Amino acid sequence: DTEVTQTPKHLVMGMTNKKSLKCEQHMGHRAMYWYKQKAKKPPELMFVYSYEKLSINESVPSRFSPECPNSSLLNLHLHALQPEDSALYLCASSQGAAQETQCFGPGTRLLVL
Amino acid sequence: AQKITQTQPGMFVQEKEAVTLDCTYDTSGPSYGLFWYKQPSSGEMIFLIYQGSYDQQNATEGRYSLNFQKARKSANLVISASQLGDSAMYFCAMREGWNNAGNMLTFGGGTRLMVKP
């Protein structure tokens, strides 16, 4: 199994809703990442988990809350989002080797109304 | 300052012809890695090719090759024999250094490639 899966593919939520994005990989990768990508822009790193511990938080607002329940799963909990948070949210994982190729999932397209 | 610069926002290429996508980078460290990813309209980032700063030879993967000029700090992607399915956004990215806490990739602004039949 050489892929990263993400659910849901699309999500529409109101500003008062609470929702979660899910990411899963079964490649034995030890690092997992969340990126945010606005239209026509490159991905921007949000969080990095290494060995199930949060290792990098790129000053992301607290309305985004990551969670890594185990080495295969990564969640992003969303609460009280703003319309400007509408974007494609990409999950990635990497093995921890020097080459450090990150494998990306298909992303979740989020629309905040 | 931009660490990764892609100067071509959009490009056209005729099917079956070769095309070069430009990428320049800025780093002061000796150890880094350069990546190219393809992003179709579906959104998924597809890894294409990798070049390490210590690699002596230019990387190649099928129709993709990386023209690595270290002194000029450029890592251009060459796609040979373009196909209609190559139409997508292409991102150059750099990893600086290495640590076990996970690594940050810095992406360039991207180049949208359109292949004409």
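Note: the structure precedes this text.
Residues numbered from 1 in each chain as written. Chains lettered and ligands numbered in written order. Predicted model: local features only at pLDDT ≥ 70, side-chain atom pairs only at ≥ 80, totals over all residues. Heavy atoms only, no water.

Novice: Even after reading the chapter, I still don't get the overall build of chain B, so can you show me in this structure?
Specialist: Each helix and strand counted, chain B has zero helices and twelve strands in total. Its helices and strands taken in sequence order, chain B reads β-β-β-β-β-β-β-β-β-β-β-β from the N to the C terminus. The C-alpha radius of gyration of chain B comes to 14 Å, within 12% of the 13 Å expected for a compact globule of 117 residues. Of all 117 residues assigned to chain B, the portion counted as buried reaches 46%. Taking all contacts inside chain B whose residues are at least 6 apart in sequence as the whole, residues at least 24 apart take part in 55%. Both charge centroids of chain B, one from 10 positive and one from 9 negative side chains, sit 3 Å from each other. (Helix = DSSP H or I, 4+ residues; strand = E, 2+ residues; numbered from the N terminus. Rg over C-alpha atoms; globule rule 2.2 N^0.38 Å. Buried < 20%, exposed > 50% of the residue type's maximum accessible area, 1.4 Å probe, protein only. Contact = heavy atoms within 4.5 Å. Lys, Arg positive; Asp, Glu negative; His and termini not counted. Charge placed at Lys NZ, Arg CZ, Asp CG, Glu CD.)

Novice: Teacher, can you tell me more about the interface of chain B and chain A here?
Specialist: Accessible area lost upon the coming together of the parts serves often as the stated size of an interface. Contact with chain B, which involves 22 residues of that partner, is made by 27 residues of chain A. Buried surface at the junction of chain B and chain A, both sides included, amounts to about 1800 Å², of which 59% is carbon and sulfur. Counting every contact that joins chain B to chain A gives zero salt bridges. Remark: the boundary between chain B and chain A carries three residue pairs in polar contact (both at pLDDT 80 or more). Of all elements in the fold, only strand E5 (32–39), strand E6 (46–52), strand E10 (88–96) and strand E11 (105–107) of chain B reach the threshold of two or more residues within the side of chain B that touches chain A. Per-element accounting of the side of chain B that touches chain A gives the leading share, three residues, to E5(B). (Buried area = accessible area lost by both parts, 1.4 Å probe. Salt bridge = Lys/Arg side-chain N within 4 Å of Asp/Glu carboxyl O. Polar contact = N/O pair within 3.5 Å; in protein donor to acceptor, adjacent residues only side chain to side chain.)

Novice: Help me out: how do you make sense of the state of the cysteines in this one?
Specialist: What we call a disulfide is simply a covalent bond connecting the sulfur atoms of a pair of cysteines. Going through the model one piece at a time under the given rule, you end up with two disulfides over all chains. There is a disulfide in this structure between Cys23(A) and Cys91(A), and the S-S distance comes to 1.9 Å. Given an S-S torsion of about -70 degrees, the disulfide between Cys23(A) and Cys91(A) has left-handed geometry. Taken together, the residues Cys23(A) in strand E3 (residues 18–25) and Cys91(A) in strand E9 (residues 87–94) connect sequence positions 68 residues apart. A residue is classified by how much of its surface remains accessible, and Cys23(A), at 1% relative accessible area, is buried. Between the sulfur of Cys23(B) and that of Cys92(B) lies a disulfide, 2.0 Å long from S to S. In this structure the cystine formed by Cys23(B) and Cys92(B) twists about its S-S bond by roughly -65 degrees; its chirality is therefore left-handed. One end of the pair, Cys23(B), is in the loop between strand E3 (19–21) and strand E4 (24–25); the other, Cys92(B), is in strand E10, and 69 residues separate them in sequence. Summary of cysteine pairing: Cys103(A) is not part of a disulfide, and the nearest cysteine sulfur, belonging to Cys91(A), is at 11 Å. Judged by its relative accessible area of 26%, Cys103(A) is partly exposed. (Disulfide = S-S within 2.5 Å.)

Novice: Explain the pattern of salt bridges to me, please; I cannot follow it from the model alone.
Specialist: Pairing between side chains of opposite charge can happen when the charged atoms of each approach one another. All names here are of chain A. In the structure shown here, the tally under the stated rule is five salt bridges over all chains. The closest approach of N and O atoms between Asp85 and Lys36, which form a salt bridge, is 3.8 Å. Taken together, the residues span a long stretch of sequence, with Asp85 in the loop between strand E8 (73–79) and E9 and Lys36 in strand E4 (residues 31–37) at a distance of 49 residues. Here Asp85 and Lys36 have matching classes, each one buried.

Novice: Hey, could you run me through the nonpolar core in this one?
Specialist: As a rule of thumb, soluble globular proteins bury nonpolar side chains together. Counting residues in each nonpolar core, the largest one holds 25 residues, and the members touching the most others are Trp36(B), Leu77(B), Tyr90(B) and Leu113(B). Those elements that place two or more of their residues in this core are strand E2 (10–14), E3, E5, E6, strand E8 (64–69), strand E9 (74–79), E10 and strand E12 (111–116) of chain B. With four residues, the single largest contributor to this core is E10(B). Sequence-distant contacts of Leu113(B), defined by excluding residues within four places in its chain, comprise Met11(B), Val13(B), Val19(B), Leu21(B), Ile79(B), Asp86(B), Ser87(B), Ala88(B) and Tyr90(B). Of all hydrophobic cores here, the second largest spans 22 residues; its members include Val4(A), Leu11(A), Leu21(A) and Ala87(A). (Core = buried A, V, L, I, M, F, W, Y, C linked by side-chain atoms within 4.5 Å.)

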